[in-house]
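Spelled out, the chains give:
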Amino acid sequence: MGAEFVQLSLTPILIGILAAIACALPGNFLILRRQALIGDAISHVVLPGIVVAFIVTGTITTWPMLIGAAGAAVVAVIIIEAIRRVGRIEPGAAMGVVFTALFAAGVLLLEQTDTSGVHLDVEHALYGNLESLIWFSAEGWGSLLDPQALAGLPPELFRMAAAAFIIGVLTIIFWRPLKISTFDEGFAGAVGVPTTIFSLGLVIAAAVAAVAAFDAVGSIIVIAMFICPPAAARLMTNRLEIQVLWSIVFATLSAIIGYVLAGYGPLWIGRDHAVSAAGMIATVSGIILALACLFAPHRARIGAPKEG
Amino acid sequence: MLNAFLEALLFQAGYNTALVAIGAALLGIAAGGGGSFLFLRKRALVSDAVAHATLPGIGLAFMIMVALGGDGRNLPGLLLGSALSAMLGLIAVEWITRNTRLAEDAAIGAVLSVFFGFGVVLLTIIQTMTRGYQAGLESFLLGSTAGMLYQDAVVIAIGGSLAVAFVLLLRRPMTLVSFDAEFAATSGINVARMDLVMMGLVMAVTVIGLKLVGLILIVAMLIIPPVTARLWSERTEHVVFIAGGLGGLAGYLGAAFSASAPDLPTGPIIVLISFTLFAISLLLAPGRGVLAAFLRHKRFQIRVHRRQGLLALARGEVILEPLTRRVLRRERLIRRDGVATEKGRAAAAKAVRDESRWALARQLYQDETVYSRYDGLTPIETVLTRDEIADIDRRLGPPAPVM
């Protein structure tokens, strides 16, 4: 746990934790609203967004990518809504139509574009590159107090921290209306909560989290963190406040254990290559959810008739 | 390029290409038909979980086959592994939905991301294996871009025809279950088993489509054609057949198109052709299409304007509203200067007469459906019998002419 840890593992772990929390927070509400798969859809449509941004600007700098990805997410939400209304198609299927088509368009554009000079491919979009976000200028724990070394921190860390911070603050500010409109939309409308704005805002917050996290960690973590930690937390308690806290705990645990297992696990069993950290974090979050499904105190559905 | 496309379309571009095109068409038919049942049962996205859950199976199958000293890239072996892990994923979705308070969408998302994540872990292990060299397993994510091996094409063609036969054989009970599960149960069909069969079909389509379309996009072949077909028809069996046809068409065109030029990956092309068919349908389909809705609105608007125009004529008012004038002009009910013609006066008198008939009818038949049928547009002749109208007319007295 010395200089090497700080240099190679500290920032990826921190970014992983921040990404996990940023996704898990909106995930809590999405799960309760039965919109869990919105995260899945958003993380697919991010691909055409960044490809178009690359084609337009010719570089893979941060801002065009983020704007492109966010734009694609908004476009997707609008098309889904349009298909649902015009064609009277159930939302799940409408979502399936739109995100697969947009993802296919992204892949095709990517194949047709000359991306030999830059690091942009589908695998990167899926797995991210958490392992490569190392802190070159760090020489040990002391570097945390050294402004010169701190300046060398990977920019993804600040971006992810900003996204997590914004989403956290928004969740706290809008806690009451968000909670009311999630549990009883009719009541929320009656007491004057603009429910449409809140459900749209939630989707946008999810998109922001997905886009920011996607850049650093890839879409697997995004989808897994939207769903697994909140779902496991849902089985731990009946109170939303406590559920959100549990989901943060689970997200953090997944990120730390997952990263450590991916980076150091293979060494422990005598192999010398690390495995995908993104994949491992998703796997760990799945194991946590599986344990919650088997042992959590509030796992059973109460009041529902048993299906025979 | 057009030439190459036509060649591929007409099976002139070589044996392999033809085989792949036929296989893609068969796969499209099976996926469209099978996906319809899933879509009508409102479980379209379960297929997404099934598809993503194949990845760890592929990785494990590769590792086991290498460990046994074989060639890790043996396609039937990989497909068997993918089918087993897809089944496990499906069982996990069902188990979570049934035994915990989590809803199906959360279960789908959890299984999808966790299985996929674990699969990626396995892929990175394989990449570093001494005998892993270029395993090429990444091609299962998005399908193969380049030409396909002869054996692979044969596997796709055979698997595709089996899946189509499967859909044809079981379409009756599956239609019943997806249309009305309770009725199906009372007619003696084991609904749970049919659900399982449906999922088996989805799994088969997924596994066969892995090599061609890839596990991320195979969902599109199961969802887009049924949704498109639903726009065209309100009848279950029609939806299944139309979806099969559209899926087959997209598969065939996509395979031919992608064979005609480099850098045109088969999977995305098939999906985009499917989506194009969907977009055209959304525009043109009767009933649910955008154009049909627009025309419906237009016709309604004209009826309202005609009616209100006639009533205005009867009251002797000058009509200034341009659309109303146009509608009445077209039927020669008014002259160019806005004065009613002979025919217009007659129609106006009839409109006023009908209004008073309606008013009286609504007093006489207060408790009956007649009362609620009044919307200012429905002709009274379509609601009451001739005798009833004659009775109303007797009470109203003779009609007044419009001057």
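None of the values given here were measured: they were computed from a predicted structure.

A. The arrangement of the overall build of chain B in detail. Secondary structure assignment for chain B yields 18 helices and zero strands. A compact globule built from 403 residues should have a C-alpha radius of gyration of about 22 Å, whereas chain B, at 31 Å, is more than 25% larger. Taking the principal axes of its C-alpha atoms as reference, chain B extends roughly 100 × 55 × 35 Å. With 403 residues in all, chain B has 55% of them scored as buried. Within chain B, residue pairs in contact and separated by at least 24 positions form 68% of the contacts whose partners lie at least 6 positions apart. Counting every atom, chain B has about 18600 Å² of accessible surface; 63% of that belongs to carbon and sulfur. Once the 38 positive and 29 negative side-chain charges of chain B are each reduced to a mean point, those two points are 6 Å apart.

B. Representation of the packing of helix α12 (residues 240-268) of chain A against helix α13 (residues 277-295) of chain A in the model. Residues and elements named next belong to chain A. In contact at an axis separation of 8 Å, α12 and α13 are set at 130 degrees when each is read in the N-to-C sense. When the interaxial angle is binned, α12 and α13 end up oblique. The interaxial crossing formed by α12 with α13 has right-handed handedness. Where α12 approaches α13, its residues Phe250, Leu253, Ser254, Ala255, Ile257, Gly258, Tyr259, Leu261 and Ala262 are matched on the opposing element by Ala277, Met280, Ile281, Val284, Ser285 and Ile288. Considered class by class, the residues forming the contact of α12 with α13 number twelve nonpolar, three polar and no charged.

C. Seen up close, the packing of helix α2 (residues 15-40) of chain B against helix α10 (residues 191-213) of chain B. All names here are of chain B. One can describe the packing of α2 onto α10 by two numbers: an axis separation of 10 Å at closest approach and a directional angle of 150 degrees. The angle between the axes of α2 and α10 places the two elements in the roughly antiparallel class. Two packed elements cross with a definite hand, and for α2 against α10 that hand is left-handed. In this structure, α2 uses Val20, Ala24, Leu27, Ala30, Ala31, Gly34, Phe37 and Leu38 to contact α10, whose residues at the interface are Met198, Met199, Leu201, Val202, Val205, Ile208, Gly209, Leu212 and Val213. When grouped by side-chain class, the residues that make up the contact of α2 with α10 number 15 nonpolar, two polar and no charged.

D. How the structure looks around unusual backbone geometry. Phi is positive for Arg34(A), close to 60 degrees, though the residue is something other than glycine. Mapped onto the secondary structure, Arg34(A) falls in the loop between α1 (3-32) and α2 (37-57). Under the relative-accessibility criterion, Arg34(A) is labelled exposed at 58%. Its identity is not glycine, yet Arg332(B) carries a phi of approximately 55 degrees, on the positive side. You can see Arg332(B) is positioned in the loop between α15 (322-330) and α16 (342-364).

E. Just the interface of chain B and chain A, in detail. On the side of chain A, 60 residues touch chain B, which itself brings 60 residues to the contact. Carbon and sulfur atoms make up 73% of the area that chain B and chain A hide from each other, which totals about 4900 Å². If you look at where chain B meets chain A, you find zero salt bridges. At the junction of chain B and chain A, the tally comes to eleven residue pairs in polar contact (both at pLDDT 80 or more). For the side of chain B that touches chain A, the secondary structure elements donating two or more residues are α3 (46-52), α5 (75-99), α6 (104-128), α7 (139-142), α11 (218-232) and α13 (266-284) of chain B. Class assignment of the residues belonging to the side of chain B that touches chain A gives a composition of 40 nonpolar, eleven polar and nine charged.

F. Summary view of the confidence of the model for chain A. The share of residues in chain A with pLDDT of 70 or more is 96%, and the mean pLDDT across the chain is 85. The spread of mean pLDDT over the elements of chain A runs between helix α5 (residues 122-127) of chain A, the lowest at 74, and α13(A), the highest at 93.

G. Quick look at α13(A). Between its terminal C-alpha atoms α13(A) stretches 27 Å, which fits the 27 Å expected from 19 residues at 1.5 Å a residue. Judged by how many residues are buried, α13(A) sits mostly within the fold: 14 of 19 residues are covered.

H. Local environment of a nonpolar patch on the surface. Together, Val86(A), Trp232(B), Ile242(B), Ile280(B), Leu283(B), Leu284(B), Val290(B), Leu291(B), Phe294(B) and Leu295(B) make up an exposed nonpolar region whose accessible area comes to about 850 Å². Of all the elements in the fold, those that place two or more residues in the nonpolar patch are α13 and α14 (290-314) of chain B. At four residues, α14(B) tops the list of elements feeding residues into the nonpolar patch. Along the polypeptide, Leu295(B) turns up in helix α14.

About the cut-offs
- Residues numbered from 1 in each chain as written.
- Chains lettered and ligands numbered in written order.
- Predicted model: local features only at pLDDT ≥ 70, side-chain atom pairs only at ≥ 80, totals over all residues.
- Heavy atoms only, no water.
- Helix = DSSP H or I, 4+ residues; strand = E, 2+ residues; numbered from the N terminus.
- Rg over C-alpha atoms; globule rule 2.2 N^0.38 Å.
- Buried < 20%, exposed > 50% of the residue type's maximum accessible area, 1.4 Å probe, protein only.
- Contact = heavy atoms within 4.5 Å.
- Areas by Shrake-Rupley, 256 points an atom, 1.4 Å probe, with all protein chains shown as cover.
- Lys, Arg positive; Asp, Glu negative; His and termini not counted.
- Charge placed at Lys NZ, Arg CZ, Asp CG, Glu CD.
- Axes fitted to C-alpha atoms, helices over the stretch in contact; angles between N-to-C directions.
- Parallel < 35°, antiparallel > 145°, perpendicular 65-115°, else oblique.
- Left-handed = near helix turned anticlockwise from the far one by under 90°.
- Nonpolar A, V, L, I, M, F, W, Y, C, P; charged D, E, K, R; others polar.
- Buried area = accessible area lost by both parts, 1.4 Å probe.
- Salt bridge = Lys/Arg side-chain N within 4 Å of Asp/Glu carboxyl O.
- Polar contact = N/O pair within 3.5 Å; in protein donor to acceptor, adjacent residues only side chain to side chain.
- pLDDT = per-residue confidence, 0-100.
- Expected span 1.5 Å × (residues − 1).
- Patch = residues over 30% accessible without salt bridge, like charges linked within 9 Å, V, L, I, M, F, W, Y side chains within 5 Å.

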